Amino acid sequence: MTEDSRVVAVGETGLDYFRSEGELSWQQERFRRHIRVARSVGKPLIIHTREAREDTLRILEEEGAGEVGGVLHCFTEDWDTARRALDLNFNISFSGIVTFASAGQIQEAARKVPADRYLIETDSPYLAPTPHRGKPNYPAYVRRVAEFLAELRGVSTEDVARQSSENYRRLFA
């Protein structure tokens, strides 16, 4: 299946420790398997991480995930995490969360991630950007994410749209 030309990535995969209890090694083993599959077919990874930053980065490194790279989707971490992921050949994707008033650390990362390494997304139907926060999210709201990112970075919305589209094509072509 992963060798089919219509498959452009492996994932969404990763670690999610939010509200998780007990032994979590099963998540880590499945994550490792997905990384191995991605490496075996030469496809990038789409990574989800929630309250599992250190384990996620450690496993990506241990499994040689930088060989295929990919994207940390719906980024919710700080600049240090972004920098470490960038060093492992991963891109950073910003969702509506970057627009939240409480997202200072994510906004710092959004300012610092190199232009050729960011993506934007909605993560619908959740995490609608301000001013729609708390309501269902729609793909059309990705424009608000682009506008906010443009404001943070001091560039035009058109620049963010063009750059993120180029980054997407380069990663998933």
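Scroll up a little and you will see the structure.
Here the structure is a predicted model, which means the values were calculated and not measured.

Procedures and definitions
Residues numbered from 1 in each chain as written. Predicted model: local features only at pLDDT ≥ 70, side-chain atom pairs only at ≥ 80, totals over all residues. Heavy atoms only, no water. Helix = DSSP H or I, 4+ residues; strand = E, 2+ residues; numbered from the N terminus. Rg over C-alpha atoms; globule rule 2.2 N^0.38 Å. Buried < 20%, exposed > 50% of the residue type's maximum accessible area, 1.4 Å probe, protein only. Contact = heavy atoms within 4.5 Å. Core = buried A, V, L, I, M, F, W, Y, C linked by side-chain atoms within 4.5 Å. Pairing = 2+ DSSP bridges. Axes fitted to C-alpha atoms, helices over the stretch in contact; angles between N-to-C directions. Phe/Tyr/Trp six-rings, centres within 6.5 Å; stacked < 30°, edge-to-face > 60°. Lys NZ or Arg CZ within 6 Å of the ring centre and 35° of its normal.

Visitor: So what about the overall build of the protein? Which residues, and what values?
Guide: The secondary structure content of the protein amounts to six helices and five strands. Reading the secondary structure of the protein in the N-to-C direction produces β-α-β-α-β-α-β-α-β-α-α. Whereas a compact globule of 173 residues would reach a radius of gyration of roughly 16 Å, the protein reaches 16 Å, a difference of no more than 12%. Referenced to the eigenvectors of the C-alpha coordinate spread, the extents of the protein come out at roughly 40 × 35 × 30 Å. Across the 173 residues in the protein, those meeting the buried criterion constitute 47%. In the protein, of all internal contacts separated by at least 6 residues, the share reaching a separation of at least 24 is 66%.

Visitor: Give me the lowdown on the nonpolar core, citing residues and values where you can.
Guide: By size, the foremost hydrophobic cluster in this structure holds 42 residues, and its most contacted members are Leu 45, Leu 60, Phe 75, Phe 90, Ile 92, Phe 94 and Val 98. For this core, the element with the most residues is helix 5 (residues 142–153), which contributes six residues. If sequence neighbours within four positions are ignored, Ile 92 has contacts with Val 71, Leu 72, Phe 75, Ala 82, Ala 85, Leu 86, Val 113, Arg 117, Tyr 118 and Leu 119. In this structure, Ala 9, Leu 119, Leu 171 and Phe 172 belong to the second largest nonpolar core, which totals five residues.

Visitor: Any chance you could break down the sheet that holds strand 1 (residues 10–16) for me, citing the residues and the numbers?
Guide: Spatial ordering of the open sheet is given by 1-2-3-4-5, a layout of five strands whose pairing is parallel. At either end of the open sheet lies a strand with only one pairing partner, and these are strand 1 and strand 5 (118–120). Strand-to-strand twist in this sheet, taken as the mean axis angle between neighbours without regard to direction, amounts to 30°. The strands touched by helix 1 (residues 25–41) within the sheet are strand 1 and strand 2 (45–50), with strand 1 carrying the most contacts at an inclination of about 155°. This element, helix 5, spans strand 4 (90–94) and strand 5 of the sheet and lies at about 145° to strand 5.

Visitor: Provide a residue-level description of the side chain of Thr 56, including the pertinent values.
Guide: By the element assignment, Thr 56 lies in helix 2 (residues 53–62). For Thr 56, a relative accessible area of 1% gives the class buried. Sequence-distant contacts of Thr 56, defined by excluding residues within four places in its chain, comprise Leu 15, Phe 31, Ile 47 and Thr 49.

Visitor: Explain the packing of aromatic side chains to me, using residue names and the numbers behind them.
Guide: Within this structure, the stated rule accounts for three aromatic pairs. For the ring pair Phe 75 and Phe 94, a centre distance of 5.9 Å and an interplane angle of 75° mean the geometry is edge-to-face. Taken together, the positions of Phe 75 in the loop between strand 3 (70–72) and helix 3 (79–87) and Phe 94 in strand 4 put the pair 19 residues apart, joining distant regions of the chain. Here Phe 75 falls in the buried class, since its relative accessible area comes to 2%. Overall, Phe 94 belongs to the buried group, its relative accessible area being 1%. Seen in terms of ring centroids, Tyr 138 and Tyr 141 are 5.6 Å apart; in terms of plane orientation they differ by 85°. Their pairing is edge-to-face. The ring of Phe 18 has Arg 50 sitting right over it, with the charged end atom 3.6 Å from the ring centre. If you follow Arg 133 out to its NZ or CZ, it ends over the ring of Phe 100, 3.7 Å from the centre.

Visitor: Break down unusual backbone geometry for me, citing the residues and quoting the values.
Guide: That bond from Gly 11 to Glu 12 is cis: its omega, 10°, falls within 30 degrees of zero. Locating Glu 12 in the fold gives a position in strand 1. Of note, the bond from Ser 124 into Pro 125 is cis; its omega dihedral lies within 30 degrees of zero at 10°. Along the chain, the position of Pro 125 falls in the loop between strand 5 and helix 5. Backbone geometry places Cys 74, a non-glycine residue, at a positive phi of 50°. Assessed through its relative accessible area of 9%, Cys 74 is described here as buried. Even without being a glycine, Asp 123 presents a positive backbone phi close to 55°.

Honestly, that's just the spatial picture; any functional story needs more than this.
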